[in-house]
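Residues per chain, in single letters:
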Amino acid sequence: MVRLWLVVAVAAVAFTVYAAIDCATMPRERIRSLRRAVWVLLVIVLPVLGAVLWFLLGRAPASAGDGRSRYRGPEDDPDFLGGDRPRGPRTDKDQDDATLRDLEDQFHDRDDDGHAEH
């Protein structure tokens, strides 16, 4: 029984710490109802209840079209790639086909070189 209470206590502390860090690092435009300092104080003073209230009432969901650009990998950034930009959107199948054609060309070039030496 003592182990169960220990696990519950550790989970409560971890949940409270996670909520406090989440609240402290949340962008201002995503905090609802109260100011950030009040939310952090609530989460710390009322450990589990404050954390639950933060996640239910204080944290606004992230909107998909919030206007800010999200991180994209360099292969998705046309400015990083420079020069040649595809005219239309390339699908994975188009990229796979292009890779396959390149590999076939390399294989045929290597095969042609082998016949010239014999």
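Within any chain, residue numbers begin from 1 and follow the written order of that chain's sequence. It should be noted that, the model being predicted, local features are given only for residues of pLDDT at least 70 and side-chain atom pairs only at 80 or more, the latter also being counted only at that level, while totals for whole chains, interfaces and linings use all residues. Remark: hydrogens and water are excluded; side-chain values derive from all non-hydrogen atoms of the structure.

## Focus on the packing of helix α1 (residues 2-25) against helix α2 (residues 36-45)
So, point 1. Closest axis-to-axis distance for the α1/α2 pair is 9 Å, and the angle between their directions is 175°. Classified by the angle between their axes, α1 and α2 sit roughly antiparallel to one another. Seen from α1, the contacting residues are Thr 16, Ala 19, Ala 20, Cys 23, Ala 24 and Thr 25; seen from α2, they are Arg 36, Trp 39, Val 40 and Val 43. A fitted line through C-alpha atoms represents every axis, and for helices the fit uses only the stretch in contact; the resulting angles, taken between N-to-C directions, go from 0 to 180 degrees. A run of H or I in DSSP counts as a helix once it spans at least four residues, and a run of E counts as a strand once it spans at least two, with each numbered from the N terminus. Small angles under 35 degrees read as roughly parallel and large ones over 145 as roughly antiparallel, with 65 to 115 read as roughly perpendicular and the rest as oblique. Residues are treated as being in contact if the distance between any of their heavy atoms lies within 4.5 Å.

## Comments concerning helix α3 (residues 47-58)
So, point 1. When α3 is considered as a whole, its buried residues turn out to be Gly 50, Ala 51, Trp 54 and Gly 58. Looking straight down α3, one finds that the buried residues subtend no more than 100° of arc, so they occupy a single side. Exposed side chains of α3 directed beyond 90 degrees from the buried face belong to Leu 49 and Leu 56.
So, point 2. The elements touched by buried residues of α3 are α1 and α2. When a residue's accessible area, from a 1.4 Å probe over protein chains only, is under 20% of the maximum for its type it is buried; when over 50% it is exposed; and in between it is partly exposed. Working note: the arc is built from the helix axis to C-beta atom directions.

## Structural notes on the pattern of salt bridges
So, point 1. Criterion for a salt bridge: a side-chain nitrogen of Lys or Arg within 4 Å of a carboxyl oxygen of Asp or Glu. Per the stated rule, a full pass over the model turns up two salt bridges.
So, point 2. Across the pair Asp 22 and Arg 59 runs a salt bridge whose closest N-O atoms are separated by 3.2 Å. With Asp 22 in helix α1 and Arg 59 in the loop between α3 and α4 (78-81), this residue pair connects regions lying 37 residues apart in the sequence.
So, point 3. On the basis of relative accessible area, Asp 22 is assigned to the buried category, the value being 10%.

## Concerning the confidence of the model for the protein
So, point 1. Each residue carries a pLDDT score, the predictor's confidence in it, ranging from 0 to 100. Residue-level pLDDT values for the protein average 82, and 75% of them are 70 or greater.
So, point 2. Looking over the protein, one finds the lowest element-wise mean pLDDT in α4, namely 69, and the highest in α1, namely 95.

## Observations concerning the packing of α2 against α3
So, point 1. Across the interface, α2 lies against α3 with an axial gap of 5 Å and an inter-helix angle of 145°. Residues Trp 39, Leu 42, Val 43, Ile 44 and Val 45 of α2 pack against Pro 47, Gly 50, Ala 51, Leu 53, Trp 54, Leu 57 and Gly 58 of α3.
So, point 2. Residue polarity is assigned by list, with Asp, Glu, Lys and Arg as charged and Ala, Val, Leu, Ile, Met, Phe, Trp, Tyr, Cys and Pro as nonpolar; anything else, Gly included, falls into the polar class. By residue class, the composition of the contact of α2 with α3 is 10 nonpolar, two polar and no charged.

## Some points on the packing of aromatic side chains
So, point 1. In summary, the pairing rule links any two rings of Phe, Tyr or Trp, Trp by its six-membered ring, whose centres are within 6.5 Å, and it sorts them by plane angle into stacked for under 30 degrees, edge-to-face for over 60 and tilted for everything else. By the definition in use, this model includes three aromatic pairs.
So, point 2. Both rings, one in Trp 39 and one in Trp 54, keep their centres 5.7 Å apart while their planes meet at 65°; by these two values the pair is edge-to-face. Residue Trp 39 is located in helix α2, and its partner Trp 54 is located in helix α3; the two are separated by 15 residues in the primary sequence.
So, point 3. Residue Trp 39 is classed as buried on the basis of its relative accessible area, which comes to 3%.
So, point 4. Using a relative accessible area of 0% as the deciding quantity, one classes Trp 54 as buried.
So, point 5. Among the aromatic side chains, those forming a connected cluster through ring pairs are Phe 15, Tyr 18 and Phe 55.

## Brief notes about unusual backbone geometry
So, point 1. In this structure, Ser 33 takes a positive phi of about 70° despite not being glycine.
So, point 2. Along the chain, Ser 33 falls in the loop between α1 and α2.

## Details of the side chain of Asp 22
So, point 1. Polar contacts, as used here, are pairs of N or O atoms within 3.5 Å; protein pairs need one atom able to donate a hydrogen and one able to accept it. Residues neighboring in sequence count only if both atoms are side-chain atoms. Here the side chain of Asp 22 touches Arg 59 through a polar contact of 3.2 Å, side chain to side chain.
So, point 2. Beyond its immediate chain neighbours, meaning those up to four positions away, Asp 22 contacts Trp 54, Phe 55 and Arg 59.

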